[in-house]
Amino acid sequence: DGTLELVKVTKRYGETVAVDAVDLRVPAGTYCCFLGPSGCGKSSTLRMIAGHEIASSGDILLGHGNITNLPPSKRGTAMMFQNYALFPHLTVRDNIAFSLKMRGQDKAARYAKAASVMELVDLGPFADRMPAQLSGGQQQRVALARALVTDPGILLLDEPLSALDPFLRLRVRTELKRLQRELGISFLHVTHGQDEAMALADLVVIMKDGKIEQSGTPQDVFHRP
Ligand code: ADP
Ligand code: ADP
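Conventions adopted
Residues numbered from 1 in each chain as written. Chains lettered and ligands numbered in written order. Predicted model: local features only at pLDDT ≥ 70, side-chain atom pairs only at ≥ 80, totals over all residues. Heavy atoms only, no water. Near = heavy atom within 4 Å. Areas by Shrake-Rupley, 256 points an atom, 1.4 Å probe, with all protein chains shown as cover. Axes fitted to C-alpha atoms, helices over the stretch in contact; angles between N-to-C directions. Helix = DSSP H or I, 4+ residues; strand = E, 2+ residues; numbered from the N terminus. Parallel < 35°, antiparallel > 145°, perpendicular 65-115°, else oblique. Left-handed = near helix turned anticlockwise from the far one by under 90°. Contact = heavy atoms within 4.5 Å. Nonpolar A, V, L, I, M, F, W, Y, C, P; charged D, E, K, R; others polar. Polar contact = N/O pair within 3.5 Å; in protein donor to acceptor, adjacent residues only side chain to side chain.

Caption draft 1: Structural detail: the site of ligand 2. Around ligand 2, the structure places Ser-43, Arg-47 and Asp-158. With the chains in place, 22% of the 540 Å² that ligand 2 exposes on its own is no longer accessible.

What follows is the structure in structure tokens.
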């Protein structure tokens, strides 16, 4: 299944210990939000799970496999980037199908899969547009579709709502939750917003100085009796 397990995962940058022997278990199909002050190791943790950084020590397990040292495309994870990182010279459809091309799928299969993911995030009518012809919210949906097109077991989102205005933020928030439920995969979502974590999370993880300070349901973590 898609259960994620971190075992004593550590990331050092020179003298800095960014992530310090973190243990964490995220059951398959969990909406997990990471909170904590800037510099506490949230992004580094996500990047190690995605394979954009390699852990200095410890193990990352997904399902029954050890993914600690696998390249990003072989992990069964996908990351949605903050700046969306779209190819400006490719249509929406080709942006979304791109990673399937890299994986050697033929054009018919790529476009069929891209069409189903565009449907999922309401991008159907925009398939032939170029990124520059889209609003910020639409570009973000392309980035989301690009991440989902490989059928990841885990989607990683680093502050996905922070660039949006308050109205759009609420709408995308609702959409993320719907998508996570519909797909039944885990979302790992870094945020600064307690309200965001309250609304979205099954599991809240609060980090401090590279360690997990607290984790549990929003009720466990935010409710002070
Ligand atoms: P957060 O996402 O919680 O803001 P980060 O994981 O980005 O935390 O950073 C954790 C610590 O590691 C910080 O002290 C940060 O400056 C440091 N750090 C992050 N990335 C690098 C890097 N590429 N090189 C050196 N230090 C880094
Ligand atoms: P975030 O916390 O969202 O990662 P940052 O602005 O901290 O955002 O980091 C952006 C980029 O800069 C990342 O690729 C990170 O690895 C790098 N970085 C962060 N802190 C340092 C640092 N102290 N030295 C070198 N690179 C860093």
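Caption draft 2: Quick peek at the packing of helix α4 (residues 136-148) against helix α5 (residues 166-183). Two elements in contact, α4 and α5, have axes separated by 12 Å at closest approach and are oriented at 20°. Judged by the inter-axis angle, α4 sits roughly parallel to α5. For α4 against α5, the interelement crossing comes out right-handed. Mapping the contact onto sequence places Gly-137, Gln-140, Arg-141, Leu-144 and Leu-148 in α4 and Leu-168, Arg-171, Val-172, Glu-175, Leu-176, Leu-179 and Leu-183 in α5. Tallied by class, the residues present in the contact of α4 with α5 amount to seven nonpolar, two polar and three charged.

Caption draft 3: Seen up close, the site of ligand 1. In the neighbourhood of ligand 1, the contacting residues comprise Tyr-13, Thr-16, Ala-18, Pro-37, Ser-38, Gly-39, Cys-40, Gly-41, Lys-42, Ser-43, Ser-44 and Arg-47. In the environment of ligand 1, an oxygen atom lies 3.1 Å from a nitrogen or oxygen atom belonging to the backbone of Gly-41. Between an oxygen atom of ligand 1 and a side-chain N or O atom of Ser-44, the distance comes to 2.6 Å. Relative to its unbound accessible area of 560 Å², ligand 1 is 60% covered by the protein chains. Those elements that place two or more of their residues in the shell around ligand 1 are β2 (16-26) and α1 (42-50). If you tally residues by element for the shell around ligand 1, the top one is α1, at four residues. Residues of the shell around ligand 1, tallied by class, amount to four nonpolar, six polar and two charged.

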